[in-house]
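Below are the chains, spelled out letter by letter.
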Amino acid sequence: MSSKELKDFSLWCDFVEREFLECEFGRLLEQSKFVGATSNPSIFASAIGTSGAYKDDLERLKGKNAKEKYEKLAITDIALAADKLEPLYRVNKDCGFISIEIDPMLCDDVSASVSEGRRLYESIGKENVMIKVPATQAGYVIMGELAKAGIHINATLIFSQEQARQCAIVLNENLRNDARGVISVFVSRFDSVVDTSPQAHLIKSCFVDSFAHLLDFRESSAKSSADFAPCPALGVLNAFACYDEIEQVANPHIRTLFASTGAKLEGLPKDYYITNLVAPHCVNTAPLATIEAFWERANSANGVERIFRWQSEQWSGQGGKQVGGQGKKALESIAKLNLGGKSLSQIQNALLSNGLQAFKDAFLQMLKGLENR
């Protein structure tokens, strides 16, 4: 089984690094393990800071300032990935994308961000590149302006239903020239907000056959332990509520992208945030280990059938027509959870603020490391 065989669902790889792109990336594409890729400031900071693959380029870049060095390295990586993904894009314009994020320090500066987004897109010179823009008040304007220019958009750092709704509206109104948009809903970070370690034994076998089963499992567990409720259902439930908002615009060129899908909680299956978020018309971007764990499960006995049955039962009515309402169910279930004295909106706002700061910190740390290299 491969990512090409999942019905209207795509897997992307949330990782870039020069040596990986030059070698293993192509092999994994040939095996159809994934059909797209994403990057972010933290990924680039780790790659450039720890990999020896950039040594020669950095020697040639001596005398440049830190951001010039970063951009040269990042543009080379993104162009390399885009070239290897391009055959997929030519066959199906919903596949074969690679994303790069605008300098996170510019997130509140509309003019500077729009200029940088256009410049990065033109400098890379590959059609199958998405420009990532954080979903802030300024970000909605930025992504709208870039979308009007026919640039593919990855709206990122979505934690709330309101962010998802606003991104969907902006992209629906502004995408031009057959451009695509994905709206990156972050998932696993919700489940790190409340300490759920005393209930870890309850979450060790969470491969479920349906969303309804997930709800029943979480609700029944919550009744037996008030502390258990937020874990690990909150991230999945919130993600489905965001997904429902995005699907309301009914634009085939705008999809939900489930991000932050690495399983961080002890005892949680590595593929938890892929397997429980298989749905029509969406993307899941995940670390390599998470992708491998998913395919191991999918290729195990009855794994394919269970995943397809999950899709069919939960997302299709008679005649294969998709039915809605999952967002409402998700929010109703969240309302029953013990969120440790916090409201859902408080958690969403804190995660957005922390996410923006984390990307800024990673970017600044990377630039500092490049100053003397």
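Student: Looking at this structure, I do not really get the pairing of strand 6 (residues 254-259). What am I missing?
Tutor: The element strand 6 is largely enclosed, with a buried count of six among its six residues. Taking every second residue as pointing to the same face, both faces of strand 6 are buried, with Ile254, Thr256 and Phe258 on one and Arg255, Leu257 and Ala259 on the other. With six bridges connecting them, strand 5 (residues 181-186) and strand 6 associate as parallel partners. In the strand pairing of strand 6, Phe186 is matched with Ala259. Relative to strand 7 (residues 282-286), strand 6 runs parallel, the two sharing three bridges.

Student: I'm lost on helix 8 (residues 161-174) in this one. Help?
Tutor: Given 3.6 residues per turn, any residue in an α-helix points the same way as the ones three and four places further on. For helix 8, with 14 residues, the first-to-last C-alpha span of 20 Å sits near the 20 Å given by 1.5 Å per residue. Buried residues of helix 8: Gln161, Gln163, Ala164, Cys167, Ala168, Val170, Leu171 and Asn174, and no others.

Student: I would appreciate a short explanation of unusual backbone geometry in the present structure.
Tutor: Among all residues save glycine, negative phi is the norm, and among peptide bonds the norm is trans. For Asn177, which is not a glycine, the phi torsion comes out positive at approximately 55°. The topology assignment puts Asn177 in the loop between helix 8 and strand 5. Positive phi, normally seen in glycine, also occurs at Ala250, with a value near 55°. Residue placement: Ala250 occurs in the loop between helix 10 (233-247) and strand 6.

Student: What is the right way to read the packing of helix 5 (residues 66-91) against helix 15 (residues 344-370) from this model?
Tutor: For any two helices packed against each other, one specifies the inter-axial angle together with the distance between the axes. Axis separation between helix 5 and helix 15 bottoms out at 8 Å; the angle between their running directions is 105°. As far as their axial angle goes, helix 15 and helix 5 are roughly perpendicular. Counting all contacts with helix 5, which are made through Ala66, Lys67, Lys69, Tyr70 and Leu73, the residues of helix 15 involved are Phe363, Met366, Leu367 and Leu370. By residue class, the composition of the contact of helix 5 with helix 15 is seven nonpolar, no polar and two charged.

Student: What's the story with the nonpolar core in this structure? I'm lost.
Tutor: Generally speaking, nonpolar side chains in soluble globular proteins are found buried as a group. One finds Tyr70 and Ile131 to be the most contacted residues of the largest nonpolar core, which totals 117 residues. When residues in this core are grouped by element, the largest group, 12 residues, is from helix 5. When residues no more than four places from it in sequence are discounted, the contact partners of Ile131 are Ile100, Ile102, Gly117, Leu120, Tyr121, Leu146, Ile151, His152, Ile153 and Asn154.

Student: Looking at this model, I keep getting lost on the pattern of salt bridges. Mind explaining?
Tutor: Two side chains carrying opposite charge are able to pair once their charged atoms lie near each other. Inspection of the entire model under this criterion finds 17 salt bridges. Glu86 is the salt-bridge partner of Arg90, the closest N and O atoms lying 2.5 Å from each other. Taken together, the residues Arg90 and Glu86, both in helix 5 and four residues apart, mark about one turn of the helix. When its relative accessible area of 45% is taken as the criterion, Arg90 is described as partly exposed.

Student: I tried to follow the pairing of strand 2 (residues 98-101) on my own but got confused; where do I start?
Tutor: The two faces of the sheet receive side chains in turn, since in a regular strand these alternate between them. Burial of the side chains of strand 2 extends over both faces: Ile98 and Ile100 are buried on one face and Ser99 and Glu101 on the other. Examined bridge by bridge, strand 2 and strand 3 (residues 129-134) share four bridges and lie parallel to one another. By the bridge assignment, Ile98 is partnered in strand 3 with Val129.

Student: How should I be thinking about the packing of aromatic side chains in this particular structure?
Tutor: Considering all chains together, one arrives at 14 aromatic pairs under this definition. Geometrically, the ring pair formed by Phe25 and Phe34 is tilted, given 5.6 Å between the ring centres and 35° between the ring planes. Judged by its relative accessible area of 1%, Phe34 falls in the buried class. Connected via pairs of aromatic rings, a cluster forms that spans Phe15, Phe20, Phe25 and Phe34. Directly above the aromatic system of Tyr89 lies the positively charged group of Lys93, at a separation of 5.2 Å from the ring centroid.

So, how was this worked out
Residues numbered from 1 in each chain as written. Predicted model: local features only at pLDDT ≥ 70, side-chain atom pairs only at ≥ 80, totals over all residues. Heavy atoms only, no water. Buried < 20%, exposed > 50% of the residue type's maximum accessible area, 1.4 Å probe, protein only. Helix = DSSP H or I, 4+ residues; strand = E, 2+ residues; numbered from the N terminus. Pairing = 2+ DSSP bridges. Expected span 1.5 Å × (residues − 1). Axes fitted to C-alpha atoms, helices over the stretch in contact; angles between N-to-C directions. Parallel < 35°, antiparallel > 145°, perpendicular 65-115°, else oblique. Contact = heavy atoms within 4.5 Å. Nonpolar A, V, L, I, M, F, W, Y, C, P; charged D, E, K, R; others polar. Core = buried A, V, L, I, M, F, W, Y, C linked by side-chain atoms within 4.5 Å. Salt bridge = Lys/Arg side-chain N within 4 Å of Asp/Glu carboxyl O. Phe/Tyr/Trp six-rings, centres within 6.5 Å; stacked < 30°, edge-to-face > 60°. Lys NZ or Arg CZ within 6 Å of the ring centre and 35° of its normal.

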